[in-house]
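Read off the chains here:
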Amino acid sequence: MRAVLSILLALTLALPGAAQQADSPAEAEDAPPVLQIIDAVESGITLEELAWVSRPIVIFAETDRDPRFQDQIDLLLERPGPLLERDVVIVIDSDPAAESPIRQALRPRGFSLVIIQRDGRVALRKPNPWDVREITRAIDNLPMRIEEMGLSQ
């Protein structure tokens, strides 16, 4: 699992425009944000901690070697921009034996992609990987997101 996280971190930092070491505070402000990936097992994070702060997308698998798990991570890292615009954080859990708080709350079976609303409620569950376009379309159709877009225009 740690190998996967190291790879994910390396991929995230290798993306064009990913956060780099800034020489000055002004450069740090100009650095674009990076898609945040949280390991549910290692962090012990709960849905309550993320409520109203971000819009979690939780990816479950029975092992980090599940091709669907790896495909989903690849799809998300290909186009992080639209996810960042929607305040998405990625939460991963590929260790069922660890029984993370998020796994206990959502009780997935095998691979699962779960989109959580800002209030912590499940918006959508998918048994197969989705690309960023499908995910953002689903998010943009949520009542809370529609309200956000109306307020920001």
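Reading the values: the criteria
Residues numbered from 1 in each chain as written. Predicted model: local features only at pLDDT ≥ 70, side-chain atom pairs only at ≥ 80, totals over all residues. Heavy atoms only, no water. Patch = residues over 30% accessible without salt bridge, like charges linked within 9 Å, V, L, I, M, F, W, Y side chains within 5 Å. Areas by Shrake-Rupley, 256 points an atom, 1.4 Å probe, with all protein chains shown as cover. Salt bridge = Lys/Arg side-chain N within 4 Å of Asp/Glu carboxyl O. Lys, Arg positive; Asp, Glu negative; His and termini not counted. Charge placed at Lys NZ, Arg CZ, Asp CG, Glu CD. Helix = DSSP H or I, 4+ residues; strand = E, 2+ residues; numbered from the N terminus. Buried < 20%, exposed > 50% of the residue type's maximum accessible area, 1.4 Å probe, protein only. Polar contact = N/O pair within 3.5 Å; in protein donor to acceptor, adjacent residues only side chain to side chain. Core = buried A, V, L, I, M, F, W, Y, C linked by side-chain atoms within 4.5 Å. Contact = heavy atoms within 4.5 Å.

(A) Expanded view of a negative patch on the surface. Side chains of Asp71, Asp74, Glu78, Asp131 and Glu134 sit close together on the surface and give a patch of like negative charge. With three residues, helix H5 (residues 67–78) is the single largest residue contributor to the negative patch. Here aspartate 131 is to be found in the loop between strand E5 (122–126) and helix H8 (132–140).

(B) Spatial organisation of the environment of aspartate 131. Its relative accessible area of 31% is what places aspartate 131 among the partly exposed residues. Separated by 3.1 Å, the side chain of aspartate 131 and the backbone nitrogen of arginine 133 make a polar contact.

(C) The nonpolar core, seen in detail. Ranked by size, the top nonpolar core spans 20 residues in total, and within it Ile57, Ile59, Leu76, Leu83, Ile90 and Ile135 carry the most contacts. Listing elements by their share of this core, those giving two or more residues are strand E2 (55–60), H5, strand E3 (88–93), strand E4 (112–116) and H8. When near neighbours in sequence (up to four residues on either side) are disregarded, isoleucine 90 contacts Leu35, Gln36, Ile37, Ile38, Ile57, Ile59 and Leu76. Listed in part, the 13 residues of the second largest apolar core include Leu47, Phe60, Val91 and Leu106.

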